[in-house]
2 protein chains.
Amino acid sequence: MSKIPQRRTSRDIRSDSRLEVLHAVLSARETTRSAIAQATGLSAATVVTIVGELIDEGIIAETKVTIGRVGRPTATVGMNSDRGRVVGIDVAETYVRAVMFDTALNRIGYVEGARDEHVLDPDSIVDGIGAVLDRLLAQEDGARERVLGVGLSLPGLVQGPRGVAAVVVPNWEWRSVELDHLRERVGLPLVIDNPLKAMVAAELWLGRGRSASSMVTVNLGTGVGAGIVLEGTVLRGATNSAGEWGHSLLMLDGRLCRCGRRGCVEAYVGVPGIHQTLRELAPRHPLAEVELQADFITSLAKAAAGPDPDPAARDTVARTAYYLGSALADLVAVVNPEVVTLTGWTTWALGDQLVPEALERLRTESPAGAGGSVQLEVSTVGGNSVATGMAITALERFLVDAGLLTTRIPVAL
Amino acid sequence: MSKIPQRRTSRDIRSDSRLEVLHAVLSARETTRSAIAQATGLSAATVVTIVGELIDEGIIAETKVTIGRVGRPTATVGMNSDRGRVVGIDVAETYVRAVMFDTALNRIGYVEGARDEHVLDPDSIVDGIGAVLDRLLAQEDGARERVLGVGLSLPGLVQGPRGVAAVVVPNWEWRSVELDHLRERVGLPLVIDNPLKAMVAAELWLGRGRSASSMVTVNLGTGVGAGIVLEGTVLRGATNSAGEWGHSLLMLDGRLCRCGRRGCVEAYVGVPGIHQTLRELAPRHPLAEVELQADFITSLAKAAAGPDPDPAARDTVARTAYYLGSALADLVAVVNPEVVTLTGWTTWALGDQLVPEALERLRTESPAGAGGSVQLEVSTVGGNSVATGMAITALERFLVDAGLLTTRIPVAL
Ligand SMILES: [Zn+2]
Ligand SMILES: [Zn+2]
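Residues numbered from 1 in each chain as written. Chains lettered and ligands numbered in written order. Predicted model: local features only at pLDDT ≥ 70, side-chain atom pairs only at ≥ 80, totals over all residues. Heavy atoms only, no water.

If you look chain A up in an unreviewed UniProt entry, it shows as ROK family transcriptional regulator from Microbacterium panaciterrae. Its UniProt record, at the heading Sequence similarities (unreviewed entry), says of chain A: "Belongs to the ROK (NagC/XylR) family." (UniProt positions renumbered as here; feature names shortened; annotations may be inferred.)

Rendered as structure tokens:
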């Protein structure tokens, strides 16, 4: 591969500043130009210009004008929730979820459809996505006309430049022809990314990413993975594959992972891995019989909690925290982030029980310089952060098309 | 830690462009303004301006003027070797090496002094560094006056902003007071960084970093570590500790590492780890008795090479390639670089034997998207790349002080 020049133009800098202004407005809900200047470190003049551009585009709006005692009017601004709608869709193994947000990122609609994880032909999957989207749009009169963009999360990789991008979903055998089909069926500006990148976008706009300069967001579910943010930018890598920490080694020649390799982190801290840990510790425990992953994690969390926990459940959680802390130490050694946030449904069930012991292990196991100060937190971005993140990504893509942003653009179709 | 705004100004962009022009001139040795424009993708006007600035500062010079057939004179430019000298010093466990370069990065002097690795008091170490530097400067009349800067590699971490930086060398118990002492003894503009960052600087200016947009440089020696380059910039991390891949996990609860943790990569692919692998495979092998690390690696490489290799030596190399490929797969999974280069003295002895099998394992073990295209190469930067890299870092620091560069600045003292 030859070098792609990645110089930043002065337009990129304006783009960064606009993003900072947007984040400041979103964080504060209602704020003033001078408060934005203070929060972002931008000059008052720059803030005035950028706020003007964002008002012109209808992304933010003046909310009220106050006449102060010295007679100078102060206008407050906020996100303009009436500019339109953005939709985020999360296609997971057993469901398709679509969430509609207004342009102030308030959630205003939600639809979920079941998916048969054994049905993998493109037509069925595309139809399933289309049907859920149609039901969501039917919830509001004229919604289709108001939608600025749709962000779709698929469990794969989006590779290649705009126009010739291909979605590689290893388990589905998807090729680019299905992309055309999908684009046609959705019939709205569409952007596709994978769940990890979506979660990171949510964390950047609504969570810890607003205050940390470098951050890793770790998803804990059936699979596990990491989103890495350096200086406010998501690390994508040479082929948009960065962050596959779930398939980095915890134990050479260890447990067989579903990727076919042995000893991956995911084989220990993914839900099936946690289940295996319990079975190894207590083969005849009632929890070993729980087959549905979501039921297992919830039951495990309940059994391990409280002043008189079930010993096998408690040991399983402790062992999982040990694995998690050990594996996170590797990420911290390599990337040296300021903070690691945990997200995903294992986190919602077990995160508070995992964090203290995992953090202790993480700090012990990381090289001194990196581990001493690193923080480990449960993400504060609630709900389905994949759908939320994809809606945010659709909004970002709209801002790119409007000429307001040039950086952090995922591959758009 | 609160967020430090890291916006780039238009000055940073000029700085990036100047660096690209410098790299193009350095690569070509002798070139023209239009060839530079072609190589960098910068506009002809920008190249003319930047070349002018660099000529004004004496960093590059016009080498000759050719009158072409159409009568238009074409001037060639090259690095100006007469602008001054830069020195790189590598303080390792058993030696102190100092190398002097001219400003075209030609090596013009070299001195090595032995170090007793058990003598760790600051006064002795500072004196040892000073003595080697004095001997180097004595090789050329008036050298001290010509030196633009000295770059010193210490086996630790440099932390904190300019002026209040501290060098943390865990094994030496160094504190900031020793820094003052050091600065006084050297008596020249001084910049300090660790060996990994030095190797990356060398790779960026003189090796694979000139053509790859994302790259990992892995050092293989007594210790092992990685330098990560993303979009032409060295990843430093929240506390300047990024790249500690040597102390990421290969095997949970595995071999004891000298850092005190179990199962680190270094305990398998560092020289003492390779020695242990041989002892495990063939406890009574003559190579198991070789105590000096450098002798061991050289003898192992000799015994494992050729059409009729020693079986235990061959197995040890194969096992090491297996460990190395497995461990590199984790780096590739997380960072997704275009290329991984190997450097350090194990590489010079064993690299050509390690690369084919390590690459095969790396490609098998990496997630498909990242591993399919990644390259693994022995670095083409010869000699002592730590000393070379620190000399380059000293040159970068000089360019920063001259107002020509603003990015990629290591902590300067
Ligand atoms: Zn795996
Ligand atoms: Zn270690």
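From this point, things continue past the structure.
Undergrad: Honestly, the sheet that holds strand 4 (residues 85-91) of chain B in this entry has me stumped. Any pointers?
TA: Strands pair in a sheet through their backbones, by hydrogen bonds, and they do so in one of two ways: parallel or antiparallel. Residues and elements named next belong to chain B. Taking strand neighbours across the sheet as the criterion, the 5 strands line up as 6-5-4-7-10 in an open arrangement whose pairing is mixed. If you trace the sheet from one side to the other, it starts and ends with strand 6 (107-114) and strand 10 (190-193), each paired once. Averaged over all pairs of adjacent strands, the angle between strand axes in this sheet comes to 15°, irrespective of strand direction. As defined by bridge partners, strand 4 adjoins strand 7 (residues 147-153) across 6 bridges and the pair is classed as parallel. Its bridge partner lying in strand 7, Ile-89 is registered against Leu-152. Most of the contacts of helix 14 (residues 385-401) go to strand 4, to which it runs at about 135°, and overall it touches strand 4, strand 5 (95-102), strand 7 and strand 10. (Pairing = 2+ DSSP bridges. Helix = DSSP H or I, 4+ residues; strand = E, 2+ residues; numbered from the N terminus. Axes fitted to C-alpha atoms, helices over the stretch in contact; angles between N-to-C directions. Contact = heavy atoms within 4.5 Å.)

Undergrad: In this structure, what is going on with the coordination of the zinc ion (ligand 2)? I would like to understand it.
TA: A metal bound by six donors in octahedral fashion has ideal angles of 90 or 180 degrees, whereas one bound by four tetrahedral donors has an ideal angle of 109.5 degrees. Residues and elements named next belong to chain B. The protein atoms donating to the zinc ion (ligand 2) are His-247 (ND1), Cys-257 (SG), Cys-259 (SG) and Cys-264 (SG), with metal-donor distances spanning 2.0 to 2.3 Å. In this structure, the zinc ion (ligand 2) is coordinated by 4 donor atoms arranged in tetrahedral fashion, with angles at the metal of 106 to 115°. The sequence pattern describing where the donors of the zinc ion (ligand 2) fall on their chain is H-x9-C-x1-C-x4-C. For Cys-257, a relative accessible area of 5% corresponds to the buried category. (Donors = N, O, S within 2.8 Å, 3.2 Å for Na, K, Ca; no water. Tetrahedral: all angles 85-135°; square planar, octahedral: opposite > 155°, others 65-115°. Buried < 20%, exposed > 50% of the residue type's maximum accessible area, 1.4 Å probe, protein only.)

Undergrad: Is there a simple way to explain the sheet that holds strand 7 (residues 147-153) of chain A in this structure?
TA: All names here are of chain A. The sheet built from 5 strands is open, its strands ordered 6-5-4-7-10 with mixed pairing. Two strands bound the open sheet, and with one partner strand each, they are strand 6 (107-114) and strand 10 (190-193). Taking the axes of each pair of neighbouring strands and ignoring which way they run, one obtains an average angle of 15° across the sheet. Contacts from helix 4 (residues 122-137) reach strand 4 (85-91), strand 5 (95-102), strand 6 and strand 7, with the element oriented near 145° to strand 6. Strands strand 4, strand 5, strand 7 and strand 10 of the sheet are contacted by helix 14 (residues 385-401), whose axis makes an angle of about 135° with strand 4.

Undergrad: I keep staring at the pattern of salt bridges and nothing clicks. Help me out?
TA: A pair can form between side chains of opposite charge whenever their charged atoms are brought close. A full pass over the atoms with the stated rule returns 35 salt bridges over all chains. The salt bridge partner of Arg97(A) is Glu112(A), with a shortest N-O separation of 2.6 Å. You can see Arg97(A) sitting in strand 5 and its partner Glu112(A) sitting in strand 6, a full 15 residues away along the chain. Judged by relative accessible area, which is 33%, Glu112(A) ranks as partly exposed. Members of the salt-bridge network, linked through shared partners, are Arg261(A), Asp330(B), Arg361(B) and Glu365(B). (Salt bridge = Lys/Arg side-chain N within 4 Å of Asp/Glu carboxyl O.)

Undergrad: Would you explain the packing of aromatic side chains in this entry?
TA: The relation between two aromatic rings is expressed through the spacing of the ring centres and the mutual angle of the planes. All names here are of chain A. Scanning all chains against the criterion turns up 4 aromatic pairs over all chains. Measuring from centroid to centroid gives 5.0 Å for Tyr-268 and Tyr-323, while their planes differ by 65°, and the two rings are edge-to-face. Here Tyr-323 lies in helix 11 (residues 311-335) and Tyr-268 lies in helix 8 (residues 266-269), a separation of 55 residues in the sequence. Here Tyr-268 falls in the buried class, since its relative accessible area comes to 4%. When its relative accessible area of 6% is taken as the criterion, Tyr-323 is described as buried. Through a chain of ring-to-ring contacts, the aromatic side chains of Tyr-268, Tyr-322 and Tyr-323 assemble into a single cluster. (Phe/Tyr/Trp six-rings, centres within 6.5 Å; stacked < 30°, edge-to-face > 60°.)

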